[in-house]
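Understanding the architecture of this molecule
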Amino acid sequence: MKEVSLKLSIDEANAVLNALGNLPFVQVNQLINKIQLQAGQQLNGNGSGNGEDSSQKKEKVK
């Protein structure tokens, strides 16, 4: 599958996640998790993809 890279501000990413949160969980759960994981890695300066917990970062995607 081809991938697309997007650049969004934290507020924009949160707006996307909030909109996805209004859809049925079963349809969007994996997408929400993927967005949160990638955003957390970027905010932590960790592009290695090791799944580190991003909950301790001051600015984070909800």
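Below is a short write-up of the structure. Owing to the predicted nature of the structure, the values given are computational and were not obtained by experimental measurement.

Regarding its fold elements, the protein presents two helices and zero strands. Long-range pairs, those at least 24 residues apart, make up 28% of the contacts in the protein with a sequence separation of at least 6. Accessible surface for the protein amounts to roughly 5300 Å². Of this, 51% is attributable to carbon and sulfur atoms.

We now examine helix H2 (residues 25-43). For H2, with 19 residues, the first-to-last C-alpha span of 25 Å sits near the 27 Å given by 1.5 Å per residue. Listed as buried for H2 are Val28, Ile32, Ala39, Gly40 and Gln41. Looking at the buried residues of H2, the elements they touch are helix H1 (10-20).

A word on the environment of asparagine 18. Within the secondary structure layout, asparagine 18 lies in helix H1. The sequence separation of asparagine 18 and isoleucine 32 amounts to 14 residues, and the corresponding C-alpha distance is 9.6 Å.

Rules used in this analysis
Residues numbered from 1 in each chain as written. Predicted model: local features only at pLDDT ≥ 70, side-chain atom pairs only at ≥ 80, totals over all residues. Heavy atoms only, no water. Helix = DSSP H or I, 4+ residues; strand = E, 2+ residues; numbered from the N terminus. Contact = heavy atoms within 4.5 Å. Areas by Shrake-Rupley, 256 points an atom, 1.4 Å probe, with all protein chains shown as cover. Expected span 1.5 Å × (residues − 1). Buried < 20%, exposed > 50% of the residue type's maximum accessible area, 1.4 Å probe, protein only.

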